[in-house]
Amino acid sequence: MKRSFLYIALMCCCICALAEDNQGKQKVKISGSIQSDMLVPMRDDAIGAEKTEDFQTNTYGDIMLQSKYVDAGLRFEYLDHPLPGFEKDFKGWGVPNFWVKGR
């Protein structure tokens, strides 16, 4: 898992370094976002809440590459310890979708 994040980060750094020409005009634009919803469950006798796991998170990372003629993007999801309310089918991690669009 850590290696996957490292490879993605290195790939993004290399692409960002190549995205600008010598005059500072961008031919390719790279953007992205990270969203992480986290929960630290605690036992509470007053409301009957039980501690299930030590830490739960739904984490998503989006990367988008834009150029004059092509847009491309991918979404990375980390759901090994999903938040309550998500079905068991959601558990896991990987790249569930990617897309390419021409202009």
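Structural notes, computed from the coordinates. Not measured: the values here are computed from a predicted model.

What follows concerns the sheet that holds strand S1 (residues 28-39). With respect to topology, four strands assemble into an open sheet ordered S1-S2-S3-S4, the strand pairing being antiparallel. At either margin of the open sheet sits one strand with a lone partner, and together these are S1 and strand S4 (92-102). Pairwise comparison of adjacent strand axes, ignoring direction, gives a mean angle of 10° for this sheet. Relative to strand S3 (residues 70-81), strand S2 (residues 56-67) runs antiparallel, the two sharing nine bridges. Bridge pairing in S3 links Tyr60 to Glu77.

Turning next to the packing of aromatic side chains. Taken as a whole and assessed by the stated rule, the structure comprises one aromatic pair. Ring centres 6.0 Å apart and planes at 50° place the aromatic pair Phe76 and Trp93 in the tilted group. Of this pair, Phe76 sits in strand S3 while Trp93 sits in strand S4, placing them 17 residues apart in sequence. On the basis of relative accessibility, which here comes to 43%, the residue Trp93 falls in the partly exposed class.

Taken together, the side chains of Met38, Val40, Met42 and Phe55 present a nonpolar region at the surface, about 440 Å² in accessible area. Along the polypeptide, Met42 turns up in the loop between S1 and S2. The exposed category is assigned to Met42, whose relative accessible area is 64%.

Mapped onto the fold, Thr59 is located in strand S2. A relative accessible area of 16% places Thr59 in the buried class. Here Ser36 takes part through its side chain, which lies 3.0 Å from a polar atom of the side chain of Thr59. Dropping the residues within four chain positions of it, Thr59 is found in contact with Ile34, Gln35, Ser36, Phe76, Glu77, Tyr78 and Leu79.

Conventions used here
Residues numbered from 1 in each chain as written. Predicted model: local features only at pLDDT ≥ 70, side-chain atom pairs only at ≥ 80, totals over all residues. Heavy atoms only, no water. Pairing = 2+ DSSP bridges. Helix = DSSP H or I, 4+ residues; strand = E, 2+ residues; numbered from the N terminus. Axes fitted to C-alpha atoms, helices over the stretch in contact; angles between N-to-C directions. Phe/Tyr/Trp six-rings, centres within 6.5 Å; stacked < 30°, edge-to-face > 60°. Buried < 20%, exposed > 50% of the residue type's maximum accessible area, 1.4 Å probe, protein only. Patch = residues over 30% accessible without salt bridge, like charges linked within 9 Å, V, L, I, M, F, W, Y side chains within 5 Å. Areas by Shrake-Rupley, 256 points an atom, 1.4 Å probe, with all protein chains shown as cover. Salt bridge = Lys/Arg side-chain N within 4 Å of Asp/Glu carboxyl O. Polar contact = N/O pair within 3.5 Å; in protein donor to acceptor, adjacent residues only side chain to side chain. Contact = heavy atoms within 4.5 Å.

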